[in-house]
Amino acid sequence: MPQEALMAGNVELAANLNPRAEAASILESPMVEIDRLSLYYGPTRALTDVSMSVPKHRVTAYIGPSGCGKTTLLRCINRMNDLVDGVRIVGSIRVGGTDIYDRSVDVTELRKRVGMVFQKSNPFPKSIFDNAAYGPRILGVKSRSDLEGIVERSLRAAALWDEVQDRLGESALGLSGGQQQRLCIARAIAVEPDVLLMDEPCSSLDPIATARIEELMLELKNSYTIVIVTHNMQQAARVSDYTGFMLLGELVEFGVTRELFTNPRDTRTEDYITGRFG
Ligand SMILES: Nc1ncnc2c1ncn2[C@@H]1O[C@H](COP(=O)(O)OP(=O)(O)O)[C@@H](O)[C@H]1O
Ligand SMILES: [Mg+2]
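Being a predicted model, the structure only gives us computed values, none of them experimental.

Visitor: Explain the site of ligand 1 residue by residue, including any values.
Guide: Every residue near ligand 1 is listed here: Tyr 41, Ala 46, Pro 65, Ser 66, Gly 67, Cys 68, Gly 69, Lys 70, Thr 71, Thr 72 and Val 84. A distance of 2.7 Å separates an oxygen atom of ligand 1 from a polar atom in the backbone of Gly 67. Thr 72 places a side-chain nitrogen or oxygen 2.5 Å from an oxygen atom of ligand 1. Here ligand 1, which alone exposes 560 Å², has 55% of that area covered by the protein. At three residues, helix 3 (residues 70-76) tops the list of elements feeding residues into the shell around ligand 1. A breakdown of the residues in the shell around ligand 1 according to their chemical character gives five nonpolar, five polar and one charged.

Here it is as structure tokens:
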């Protein structure tokens, strides 16, 4: 048990730290580069001068109290905030080296490369098969056998295949909450994105369903770069390689998860992870 965590009185968090997490330095190959990003909802600034890089094939978590801007920051990475009236963004985000706010960027193409899973699972009121096949169909895949291959691969990757292979034609809405969320993950990865954004994906799930999704994230990072928002510090400690702590729209501290939890550099981070506020 790291001495610093004990000193910080944070025994539980230290015990939760994911042993499979990378201890590598932050100089890994970046997939998403956020540079001096500020975001305004009308006159209100929700993000202030955020700069950080999301390393490729790692799990990066944003933590922080409710309302600190985690969802807003996540939604900047696939330009979901474009859909909100009165949003103004300053600064830049590059995904795979491309400035995603450049005029030449096709937002549909961007959202294919940067998939998203939401807080509340939102399968379409269609069959399990049609949910998983949704993205590929939009991209023009028509052949039944191609679609079947993609659906099976995606459901397997989302650890759902064994549970649903005999009822692919049934409504997705008949699945349990945890299965629905894994179906949403399957739907997101069916188009082979580079990045998977997950906004509190387990917040409405029971502990067993949560554990399955957490385990899945550790598998998926071999193929995808994962960015997760969570207000659950134990979850961040368990699944993420890197963690950013946000407060009032600022990224207060970003670093290797183990270091952030055991040896925070900023007193605000320390106060938060030791439960002094938030
Ligand atoms: N569509 C919106 N319009 C105006 N303000 C918003 C909108 N979405 C979020 N906000 C505000 O931006 C701030 C950050 O919100 P959010 O990113 O949802 O935080 P978090 O995900 O950390 O709880 C909050 O003050 C919230 O009220
Ligand atoms: Mg949120």
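Visitor: Pulling in residues and values, what's your account of the packing of helix 5 (residues 128-138) against helix 6 (residues 144-157)?
Guide: Packing of helix 5 against helix 6 brings their axes to within 9 Å, and their N-to-C directions diverge by 110°. Put simply, helix 5 runs roughly perpendicular to helix 6. Across from Ile 128, Phe 129, Ala 132, Ala 133, Pro 136 and Arg 137 in helix 5, the residues of helix 6 making contact are Arg 144, Leu 147, Glu 148, Ile 150, Val 151 and Leu 155. Residue classes in the contact of helix 5 with helix 6 are distributed as nine nonpolar, no polar and three charged.

Visitor: Describe the packing of aromatic side chains, listing the residues and the values that go with them.
Guide: Across all of its chains, the model carries three aromatic pairs by this definition. Relative to Phe 254, the ring of Tyr 242 lies with its centre 6.1 Å away and its plane at 25°, an arrangement referred to as stacked. Placement of Tyr 242 in strand 9 (residues 242-247) and of Phe 254 in strand 10 (residues 250-256) is noted, with a sequence separation of twelve residues between them. The exposure class of Tyr 242 is buried, given its relative accessible area of 0%. Arg 88 extends its terminal NZ or CZ atom over the ring of Tyr 40, reaching a point 4.4 Å from the ring centre.

Visitor: Could you give me a rundown of the sheet that holds strand 8 (residues 225-229), with the residues and numbers involved?
Guide: Pairing in this open sheet of six strands is mixed, and the strands run 6-7-8-3-9-10 from one edge to the other. Here the strands that pair on one side only, and so sit at the sheet edges, are strand 6 (114-117) and strand 10. Adjacent strand axes in the sheet meet at a mean angle of 15° when their direction is disregarded. As paired strands, strand 7 (residues 195-199) and strand 8 are joined by five bridges and run parallel to one another. When the sheet's bridge partners are listed, Leu 196 is paired in strand 8 with Ile 226. This element, helix 8 (residues 177-189), spans strand 6 and strand 7 of the sheet and lies at about 170° to strand 6. Here helix 9 (residues 207-220) sits on the sheet and contacts strand 3 (59-63), strand 7 and strand 8; the angle it forms with strand 8, its principal contact strand, is near 150°.

Reading guide: rules and limits
- Residues numbered from 1 in each chain as written.
- Chains lettered and ligands numbered in written order.
- Predicted model: local features only at pLDDT ≥ 70, side-chain atom pairs only at ≥ 80, totals over all residues.
- Heavy atoms only, no water.
- Near = heavy atom within 4 Å.
- Polar contact = N/O pair within 3.5 Å; in protein donor to acceptor, adjacent residues only side chain to side chain.
- Areas by Shrake-Rupley, 256 points an atom, 1.4 Å probe, with all protein chains shown as cover.
- Helix = DSSP H or I, 4+ residues; strand = E, 2+ residues; numbered from the N terminus.
- Nonpolar A, V, L, I, M, F, W, Y, C, P; charged D, E, K, R; others polar.
- Axes fitted to C-alpha atoms, helices over the stretch in contact; angles between N-to-C directions.
- Parallel < 35°, antiparallel > 145°, perpendicular 65-115°, else oblique.
- Contact = heavy atoms within 4.5 Å.
- Phe/Tyr/Trp six-rings, centres within 6.5 Å; stacked < 30°, edge-to-face > 60°.
- Buried < 20%, exposed > 50% of the residue type's maximum accessible area, 1.4 Å probe, protein only.
- Lys NZ or Arg CZ within 6 Å of the ring centre and 35° of its normal.
- Pairing = 2+ DSSP bridges.

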